[in-house]
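Results of the structural survey
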Amino acid sequence: MTTRIQDAGSARDERRVVGNVLRGSIGNLVEWYDWYAYSAFTVYFAKAFFPGGDATAQFLNTAAVFAVGFLMRPLGGWLLGRFADRYGRRSALVASVSMMACGSLLIAVTPAYSTIGIAAPILLVFSRLLQGLSVGGEYSTSATYLSEVATPGKRGFYSSFQYVTLVGGQLLALGLQLILQSVLTDKQMGDWGWRIAFVVGALAAVIVMALRRSMDESESYQRVKENTANAAGKDNERGTLRQLVKYPREILLVVGLTLGGTVAFYTYATYTQKFLENTAHIPRRTVTVIMFLALLVFAILQPLAGKLSDKIGRRKLLMFFGIAGTLLTVPIMTLMARTSQPFLAFLLLLGALVIVTGYTSINAIVKAELFPTRIRAIGVGLPYALTVAIFGGTAELIAQALKKAGHESLFFWYVAGCVLVSLVVYATMRETSRSSALERGED
């Protein structure tokens, strides 16, 4: 009888965990849909904001704005990370999706350059700054929340859903693009069709705000809040830079863990769409299908790899990514640039994404496992966002600039070099899955 009661209680607890993960993940999906809609629809709205010049020049301008959005991510990681550590994960997640809704709506309604002149690209930049602030806080807070509400022993599996929904957001953007390409002409897409994507994103974000208000706050945060409230002077230490700098090794680890992974991810998950069209000269609609199918498989792989990390540890997956990424990036991208065969391009992209899975599936939980609860959100968010802003956000900009200069192949070596730097970190770090503050229950 007692055993049945315990089993029933465990089942209820597991359902509660699943419910919180799903509600948190749905919000993450919408946030990343809004973020990636910009990249997916660049090929259509580039002319609206940056008229004149060739396609590469227009892509370069929109890539620069894409990179500018990343500059706000460290600020978002700091502000919303601090907010999450002081006032709760749930409140920070509601705030981040609210900012994303505003940014998407502004892009949707901003008139073209031909109507309002220089104000058009200025408003586009402002919108991306707002979205960058949102995403900077979203990553750290959702990574922290998912790791804290997950069942012990299954943290890798549950935390992997952050990238499932991150990629899911991109799949939604590409899926909507495929639908619009089917019902609208290229001229209609360029004139006004692309705006539909941002209207959809803004409306979905508003719905998510309501969903996130019903999420449970993480027990780890509530316990720390109660403990610090009863200790004189401790309450003001949560989420502060003064406390964060006491963990210099962990900060450097986050930077090293992220560098190669973020460059590889943004290269394959966002830049490849322009790369296959502009370099391999594969038709635009075919490229969209290739991206959609490859990213769909990539999303399915995330929880499988996350579950594997719960069994064998995080470090082995990171080593797989580091070694394979260092050795195979240049061959994969060289072949991708030279092929005009859609199926071969798909296989090459899928192979690259399988390699990147060694990083994406567990990167959130590895970073969360480095820090105690009182500074976990800011500890994960700030150094991660700085690294992504400097390296991930500029990946496409560097690629487009090198292509315009006639040295596109140098970008392939750049990506491989960044992965190599992270490989050195993976090879020297210790396993986190069994020695973390999360597993020890430390606050």
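If you're wondering where the values come from, they're calculated on a predicted model, not measured in any experiment.

The next subject is the nonpolar core. Ranked by size, the top nonpolar core spans 105 residues in total, and within it Phe41, Val167, Trp194, Phe265, Tyr268 and Leu295 carry the most contacts. Apart from the residues lying within four places of it in its own chain, the contact partners of valine 167 are Phe265, Leu295, Phe298 and Ala299. If you look at the next biggest cluster of nonpolar residues, it comprises nine residues, including Leu146, Val149, Ala150 and Met215.

Think of an α-helix as 3.6 residues a turn; residues three or four steps apart then line up on the same face. With 29 residues, helix 14 (residues 284–312) should cover 42 Å at 1.5 Å per step; its first-to-last C-alpha distance of 41 Å lies within 8% of that length. At leucine 301, helix 14 shows its largest kink, close to 25°, and the proline proline 303 lies no more than four residues downstream. Glycine 313 sits one or two residues past helix 14 and shows a positive phi near 100°.

Now for the packing of aromatic side chains. As enumerated under the stated definition, the model contains 18 aromatic pairs in all. Note on phenylalanine 265 and tyrosine 266: the rings are 5.2 Å apart at their centroids and 80° apart in plane angle, and the pair reads as edge-to-face. Take phenylalanine 265 and tyrosine 266: they sit in the same class, and that class is buried. Three or more aromatic residues link up through ring pairs in this structure, and these residues are Tyr271, Phe275, Phe411, Phe412 and Tyr414. The positively charged end of arginine 284 is found above the aromatic ring belonging to tyrosine 44, 5.0 Å away from the centroid.

Before going further, it helps to examine the UniProt feature "transmembrane region" (unreviewed entry) in the protein. This chain's UniProt record puts "transmembrane region" (unreviewed entry) on residues 59–80, 192–211, 251–269, 289–305, 317–337, 343–366, 378–399 and 411–429. Helix makes up 100% of residues 251–269 and strand 0%. Its end C-alpha atoms lie 26 Å apart. A distance of 25 Å separates the end C-alpha atoms of residues 289–305, which is 100% helix and 0% strand.

Reading the values: the criteria
- Residues numbered from 1 in each chain as written.
- Predicted model: local features only at pLDDT ≥ 70, side-chain atom pairs only at ≥ 80, totals over all residues.
- Heavy atoms only, no water.
- Core = buried A, V, L, I, M, F, W, Y, C linked by side-chain atoms within 4.5 Å.
- Buried < 20%, exposed > 50% of the residue type's maximum accessible area, 1.4 Å probe, protein only.
- Contact = heavy atoms within 4.5 Å.
- Helix = DSSP H or I, 4+ residues; strand = E, 2+ residues; numbered from the N terminus.
- Expected span 1.5 Å × (residues − 1).
- Bend = angle between axes of the 7 residues up to and from the residue.
- Phe/Tyr/Trp six-rings, centres within 6.5 Å; stacked < 30°, edge-to-face > 60°.
- Lys NZ or Arg CZ within 6 Å of the ring centre and 35° of its normal.
- UniProt positions renumbered as here; feature names shortened; annotations may be inferred.

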